[in-house]
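# Geometric and topological summary
Here is what each chain is made of, one letter per residue.
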Amino acid sequence: MSQYKSDFISKLVERQYLHQCTDIEALDAKAAGGPVTAYIGFDCTAPSLHVGSLVPIMLLRLFQQTGHKPIVLMGGGTTKVGDPSGKDDQRKLLDDAAIAANMAGIKSVFKKFLTFGDGPTDAVMVNNADWLENLNYVSFLRDYGRHFTINRMLSFDSVKLRLDREQPLTFLEFNYMILQAYDFLELANRHSVSLQMGGSDQWGNIINGVELGRRVAEKQLYGLTTPLLTTASGAKMGKTVDGAIWLNEDALSAYDYWQYWRNCEDADVGRFLRLFTEMPIEEIERLEKLEGAEINDAKKTLADEATQLCRGDKAAELARSTAETTFEQGGMGEDLPSIDIARAELDAGIGVLAAFTMAGLSISNGEARRLIRGGGAKVNDQAVSDEKATISSEQINSDGVIKLSAGKKRHALIKPV
RNA sequence: GGAGGAGUGCCCGAGUGGCUAAAGGGGACGGGCUGUAAACCCGUUGGCUACGCCUACGUUGGUUCGAAUCCAACCUCCUCCA
């Protein structure tokens, strides 16, 4: 039983997506009355989005599934300016080619989560470079700049934090919030967008847009943010062993993606199941109550569901069976990361240090050496004690590969070719 | 334009002539405990063809037997003044 009338807001609250909203009752009423159009912007700062962006993506998906029209805004224009929110220093400025390449990489992931098309609730993708690039500076300032006071802009966290810490904030970055506000207005005009959503760090940027819409167009716009996701122990989401958890499959293997979810903290399982899977809430409530070793089942389910959404059923299944063989049976699954090494080279023998580095288990020979000294390096599950040991064809096991392990969790296979 | 302050390893931050590959903390990695959690404990944390060599304390030069430490110029940032 929910206090909200609309399917969207009820689910939003039930699945813990809501952090702040400009006017939840009014938005609820509007959503109950028919399809609403909302957008979320994504800047093109990297060739792939990572799990930090997954909450907004899942939110768009939920929005669409509850009968509304999502718009994905690619920040082709705003990326050139750089959002200062939550950052201490200015990012390196990206050139047009890099932005275009990043955008191409990012675009692909949305097709997995949203249905695009021309229908009333089909998703649409737009690029703010289309309207930002050709703005006339002076007219823009006269038309919109007069609606922003410096006094107010200085009070926003994105600006205030930077100034308080005596970190430089350039005029370029200072303009970001104005451009984002303008985006909202532009989308309201072009696509009848009435709601902008985003992470909680976007709150300031979003309400600027809501206010601008009211002032220059007398439009009633809404803003809504999701909580900033950290793990139960306070770490930022998405960073781990080898860096970010990328959504694109060419940036991170399905196996590693699956593993990421499988290794989440106990205390996060329930929340993650709500946010990142579409399991019925009753089932989630059952799973999150599991204790001790049993909660591992809930984590596997989480990993399965999350991987299916982002990488497909087959990839999820393969990742799971690989993980089960590797960890539960001490064997090795076919989906472990692997490298090909020429048979002749193997016959001659390769130093362990080099082998670990080639397999991506260490970044340098020095690190491989430390791994060995710490007792964490294994070849075919046998601990390596000699840094000068070599790996050769003789160690190819019955499966035709050599298994290297760094610690308990990181494994790689050497495949002779 | 003037005056003052600052720039150190992935990050924060100590270090004001040799004992400094650079304290301490964070992060990360490895080990232990466990459940492929968390918390906690221990270890490691520039590179290499490794009892040695190379690279590193904003940049470039200089002083010195010897510099992250002294000097000069330059670059960048902060604060105050005009």
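Coordinates for the structure precede this section.
All of the points below concern the structure found in this document. Keep in mind it's a predicted model, so treat the numbers as computed, not measured.

Reading the values: rules and limits
Residues numbered from 1 in each chain as written. Chains lettered and ligands numbered in written order. Predicted model: local features only at pLDDT ≥ 70, side-chain atom pairs only at ≥ 80, totals over all residues. Heavy atoms only, no water. Disulfide = S-S within 2.5 Å. Buried < 20%, exposed > 50% of the residue type's maximum accessible area, 1.4 Å probe, protein only. Near = heavy atom within 4 Å. Helix = DSSP H or I, 4+ residues; strand = E, 2+ residues; numbered from the N terminus. Pairing = 2+ DSSP bridges. Salt bridge = Lys/Arg side-chain N within 4 Å of Asp/Glu carboxyl O. Phe/Tyr/Trp six-rings, centres within 6.5 Å; stacked < 30°, edge-to-face > 60°. Lys NZ or Arg CZ within 6 Å of the ring centre and 35° of its normal. Patch = residues over 30% accessible without salt bridge, like charges linked within 9 Å, V, L, I, M, F, W, Y side chains within 5 Å. Areas by Shrake-Rupley, 256 points an atom, 1.4 Å probe, with all protein chains shown as cover. Core = buried A, V, L, I, M, F, W, Y, C linked by side-chain atoms within 4.5 Å.

## Concerning the state of the cysteines
Applying the stated rule across the entire model yields 0 disulfides. Just so you know, C264 is unpaired, no disulfide at all, and the nearest cysteine sulfur is the one on C310, 16 Å from it. Since its relative accessible area comes to 0%, C310 is described here as buried.

## Thoughts on the protein's contact with RNA strand B
Surrounding RNA strand B, one finds 32 residues, the nearest of these being N263, D266, R369, R370 and K409. For RNA strand B, the fraction of atoms within 4 Å of the protein that belong to sugar or phosphate moieties is 64%. Taken together, the elements giving at least two residues each to the surface near RNA strand B come down to α12 (254–262), α15 (295–311), α16 (313–328) and α19 (365–373). Per element, the largest residue contribution to the surface near RNA strand B is 5 residues, and it comes from α19.

## Section: the sheet that holds strand β12 (residues 382–383)
The strand order β9-β15-β14-β11-β12 describes an open sheet built from 5 strands, whose pairing is mixed. In this open sheet, the two edge strands, each paired with only one partner strand, are β9 (338–341) and β12. Bridge count between strand β11 (residues 377–379) and β12: 2 bridges; the pairing is antiparallel. The residue of β12 that forms the bridge with K378 is A383.

## Re the pattern of salt bridges
In the structure shown here, the tally under the stated rule is 20 salt bridges. One salt bridge connects E133 with K80, and the closest N-O pair in it is separated by 2.6 Å. You can see E133 sitting in the loop between α5 (129–132) and α6 (137–143) and its partner K80 sitting in the loop between β3 (69–75) and α4 (96–113), a full 53 residues away along the chain. By relative accessible area, which is 45% here, E133 ends up partly exposed. For K403, the salt bridge identified is with D381, shortest N-O distance 3.1 Å. Of this pair, K403 sits in strand β14 (residues 402–406) while D381 sits in the loop between β11 and β12, placing them 22 residues apart in sequence. Classification of K403 by relative accessible area gives buried; the value is 2%. The network of salt bridges with shared partners includes K300, D304, R320, E324 and E328.

## Concerning the packing of aromatic side chains
The tally for this structure, following the rule as stated, stands at 12 aromatic pairs. Ring centres of Y39 and F184 lie 5.6 Å apart, and the angle between their planes is 65°; this geometry places the pair in the edge-to-face category. One end of the pair, Y39, is in strand β2 (residues 37–43); the other, F184, is in helix α10 (residues 176–191), and 145 residues separate them in sequence. Ring geometry for W261 versus F276: centroids 4.8 Å apart, planes at 50°, classification tilted. Of this pair, W261 sits in helix α12 while F276 sits in helix α13 (residues 269–276), and the two are 15 residues apart along the sequence. The pair W261 / F276 is uniform in exposure class, with both members buried. A network of ring pairs unites the aromatic residues Y257, Y260, W261, F272 and F276 as a single cluster. Positioned over the ring face of Y257 is R311, at 5.0 Å from the centre of the ring.

## Some details on a nonpolar patch on the surface
There is a patch of nonpolar side chains on the surface, built from Y137, V138, L141 and F171 and spanning about 430 Å² of accessible area. The leading source of residues in the nonpolar patch is α6, at 3 residues. Relative to the elements of secondary structure, Y137 occurs in helix α6.

## Details of unusual backbone geometry
With phi around 50°, E218 is a residue other than glycine that occupies positive phi space. Its place among the elements puts E218 in the loop between α11 (203–217) and β6 (222–226). For E218, a relative accessible area of 74% gives the class exposed. Phi is positive for N380, which is not a glycine, with a value near 50°. Residue placement: N380 occurs in the loop between β11 and β12.

## Some words on the nonpolar core
The nonpolar side chains of a soluble globular protein tend to be buried, and buried together. Core analysis: the biggest nonpolar cluster contains 69 residues, and F8, L54, F110, M197 and W261 have the highest contact counts within it. Looking at this core element by element, the count peaks at 8 residues for helix α3 (residues 54–65). Ranked by size, the runner-up nonpolar core spans 31 residues in total, among them M153, A181, Y182 and V210.

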